Structures are given as structure tokens and as C-alpha cells.
Amino acid sequence: MVTRKRFYLKLTRGVLKLGERTLVMGVLNVTPDSFSDGGKFLEPQSAIEHALEMERAGADLLDIGGESTRPGSTETAAETELARVLPVLEGLRGALKIPIAVDTRKSQVAEAAISAGAQIINDVSGLRFDPRLAEVAQRLGVPLILMHMRGEPATMQKGPFARDVMKDVVQGLHASIRKARAAGVRKSQILIDPGIGFGKSFEQNYELLRKLPELAKLDYPLLVGTSRKGFLGATLARNGKPAPPEERLWATAATVTASILGGAHIVRVHDVAEMAQVARVADCLLDPVRCRSFR
């Protein structure tokens, strides 16, 4: 277990405090083809209702994306992405009280989403796809999440995988951070994500979870997303068939616990109510004094 450092991220409206307790980020995929919930929330009204439901279930922030970056996916046009995301953001304006991150690789989408009410940019490509995202984050003064991805979504799980996954992730994150800082993004506005499941073998995902304290030493807030991912399905396989995403809840709970004990400040999840409970209990392991305050 690690002692989590506290960070304070400046939002367009207020401050996001990290480290006192684990924050739960609810996933809202406004796409027809995401690996876990593709198509379920493609209609704006269903997406809006689900966002409000996740807030009620205990989400501390929301991550809305209009492009699937699951293994094997292809690029979505910015116009299509905007047509999916903007109606949801407009519908949530004034209704949702928690901050929203826009999950996009495109500066055009990020800028429009921030104008529509999002307050954080989450770039799964770590600025490799569109470096101008950093300029948008700097100009608008919003936090920027930089994730490590080896390769591209269409081919990332076909390998070749890194021989040393920790070295690969650390070097990749350092490269992303350098691009962000060169664009003027303040260090205090950057978060990092090791990219579990993005260009890593199943075994390497577990290695990253075991070694999260090494990433915490980079001195940036740490976000980890393991929810329902393929390596969990492979671990739970029966008769040679991976467990489907909807049957990976308890496996997700185990990895969320590991993430928190390894230093994660934010966990990105689909099952908010259940993982909010997991986070609360895992936080007691990190901070017994905080646990006593629940009595």
C-alpha cells in the first residue's frame, strides 16, 4: 500500500480535490460499438438519464465519450463524435452537479465539449493522435488526463507487446507529459493513466496493477480503469470462452481494490454503485483514521 499524495485540480467551476478519498468516475459511452455497453446509451435521453443515475449512485465525476477505442475499433469522424456527445452535454447542463470529462482524441471535439459544459479532457492517446489537445487544455484552463496506449485501437491487441511493460508505460507517459508541458499545460493540471488493456498482454495488465506504486512516484494524480476489461474475461473463461463483460463485476471489484491500494486517485468504472462501495472499504485500508469517521 502507498500513501497517496493530495492534489488540487482547477476546474472551470471550482476545484477537484484528489487524495483524501478515492473518486469514482462513471463511464458513459455514447457509441454503438463500445465493448461493454455499446448502443445502450446512444440515444441522448437514455444517456442523460443514465448520467443522472450514476450521479445518484455515487459517481464523483463522469467520463463521456462518443468514439469507441476498444480493441479492433476504427476512427470515428469528429462530426459524428460531436453529434453524439453535444446533445448529452447540453441535456446535462444545470442538471448534473458533478464534473464531466470528455473522452476524446480530437482537439475539435474537446473544445466544443468544454464549451458545452465538460470540465476535463481525457485523451486515451496521450497526445499522440492530436497534439493540439494540449493547446486546448492550456487555453481553456482545464485538467488533462494523459493515458498510455501502445499502438492504435485497431491493432493494439495484436502486438507486438513491450518486452518491459513498466518501462514502456513510464517512457510513454513521460513523452506525453513533455508535449503537454511544452504546450503550456501546468503540471498541476495533468493526470496520468497507465492504460490498462490498451496495447498490453493480459499478463502485463496484472503486472501494471502490481507495480502501480512505481507510477505513483511520478508525482501526478493517477487514474486507473480496469472495469469489465478483456483480461478479466480471459481470467474468468469457462470452456475456452471468455466471460462476457456483464459477468466481470467481481473481477472488476478485485482490480479496483488493487488499484486503490496501489495509489489510484480515481477509478473509472461502469458499475458505479457497486464500485463506490468497494472504494469506500479500500479507502479504510489506506486510512484507518478515515474509516473511524464512518461510525
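Residues numbered from 1 in each chain as written. Predicted model: local features only at pLDDT ≥ 70, side-chain atom pairs only at ≥ 80, totals over all residues. Heavy atoms only, no water.

## Quick look at unusual backbone geometry
Our working rule: Comment: elements are numbered from the N terminus, with helices defined as DSSP H or I runs of at least four residues and strands as E runs of at least two. Relative accessibility thresholds used throughout: buried, under 20% of the residue-type maximum; exposed, over 50%; partly exposed, between the two (1.4 Å probe, protein chains only).
Located in the positive-phi region is R228, a residue other than glycine, with phi close to 60°. As for its placement among the helices and strands, R228 is situated in the loop between β9 (223-224) and α8 (230-235). Judged by relative accessible area, which is 15%, R228 ranks as buried. One non-glycine residue with positive phi stands out, namely N239, at about 55°. Topologically, N239 is positioned in the loop between α8 and α9 (249-261).

## Regarding the side chain of D123
For clarity, the cut-off: When charges are counted, Lys and Arg are positive and Asp and Glu negative, with His and the chain ends excluded. We define a salt bridge as a contact between a side-chain nitrogen of Lys or Arg and a carboxyl oxygen of Asp or Glu at a distance within 4 Å. Identification of polar contacts relies on pairs of N or O atoms within 3.5 Å, with a donor-acceptor requirement for protein atoms, meaning one able to donate a hydrogen and the other able to accept it, and with residues adjacent in sequence counted only if both atoms are side-chain atoms. The contact criterion used throughout is that any non-hydrogen atoms of two residues lie within 4.5 Å.
Mapped onto the elements of the fold, D123 is located in strand β6 (residues 120-123). No salt bridge is formed by the buried D123. Its closest oppositely charged neighbour is R105, at 6.2 Å. Reaching out from D123, the side chain makes a polar contact with the backbone nitrogen of L127 at a distance of 2.6 Å. D123 has contacts with T104, R105, L133, I145, L146 and M147, leaving out every residue within four places of it along the chain.

## A short note on the packing of helix α2 (residues 78-92) against helix α3 (residues 107-115)
The relative placement of two packed helices comes down to the angle between their axes together with the axis-to-axis distance. Counted only if it meets this: Here an axis means a line fitted to C-alpha atoms, over the contact stretch when the element is a helix, while the angle between two N-to-C directions is reported on a 0 to 180 degree scale. Roughly parallel refers to an angle under 35 degrees, roughly antiparallel to one over 145, roughly perpendicular to one between 65 and 115, and oblique to any angle outside these ranges. Each crossing gets its hand from how the near helix is turned against the far one by less than a right angle, where anticlockwise is left-handed and clockwise is right-handed. Residue polarity is assigned by list, with Asp, Glu, Lys and Arg as charged and Ala, Val, Leu, Ile, Met, Phe, Trp, Tyr, Cys and Pro as nonpolar; anything else, Gly included, falls into the polar class.
One can describe the packing of α2 onto α3 by two numbers: an axis separation of 10 Å at closest approach and a directional angle of 15°. Taken as axis vectors, α2 and α3 run roughly parallel relative to one another. Both α2 and α3 take part in a crossing whose hand is right-handed. Counted together, A78, E79, E81, L82, L86 and L89 of α2 and Q108, V109, A112 and A113 of α3 form the full contact between these two elements. Here the contact of α2 with α3 is built from residues that sort into 7 nonpolar, 1 polar and 2 charged.

## Notes on the nonpolar core
The cut-off we apply is this: By convention a nonpolar core is built from buried Ala, Val, Leu, Ile, Met, Phe, Trp, Tyr and Cys residues, the set being connected through side-chain atoms within 4.5 Å.
In terms of nonpolar packing, the biggest core is built from 69 residues, with L28, L62, I64, L92, I121 and L144 touching the most fellow members. The contact partners of L92, leaving out residues within four places of it in the chain, are I48, A51, L52, L62, I64 and I100. By size, the runner-up hydrophobic cluster in this structure holds 14 residues, among which are F7, I120, L223 and I266.

## Focus: the packing of aromatic side chains
What counts here: Put simply, two rings from Phe, Tyr or Trp (the six-membered ring, in Trp's case) pair if the centres are within 6.5 Å, and we call them stacked under 30 degrees between planes, edge-to-face over 60, tilted for the rest. We count a charge as sitting over a ring when the NZ of a lysine or the CZ of an arginine lies within 6 Å of the ring centre and within 35 degrees of the ring normal.
One pass over the structure, following the stated rule, counts 1 aromatic pair. Aromatic pair Y206 and F231: ring centres 5.0 Å apart, planes at 80°, arrangement edge-to-face. Taken together, the positions of Y206 in helix α6 (residues 202-210) and F231 in helix α8 put the pair 25 residues apart, joining distant regions of the chain. Residue classification places F231 among the buried residues on the basis of a relative accessible area of 1%. The ring of Y220 has K187 sitting right over it, with the charged end atom 4.4 Å from the ring centre.

## Let's talk about helix α1 (residues 44-57)
Note: α-helices contain 3.6 residues per turn, so residues at a spacing of three or four share the same orientation. The line we're drawing: Multiplying 1.5 Å by the residue count of a helix minus one yields the expected span of that helix. This arc is taken over the directions from the axis of the helix to the C-beta atoms.
Compared with an ideal rise of 1.5 Å per residue, which puts 14 residues at 20 Å, α1 spans 20 Å between its outermost C-alpha atoms and is within 8% of the ideal. All of the buried residues in α1 are A47, I48, H50, A51 and M54. Looking straight down α1, one finds that the buried residues subtend no more than 165° of arc, so they occupy a single side. At its buried positions, α1 is contacted by β3 (23-29), β4 (61-65), α2 and α10 (272-286). Looking one or two residues past α1, G58 carries a phi angle of roughly 120°, positive in sign.

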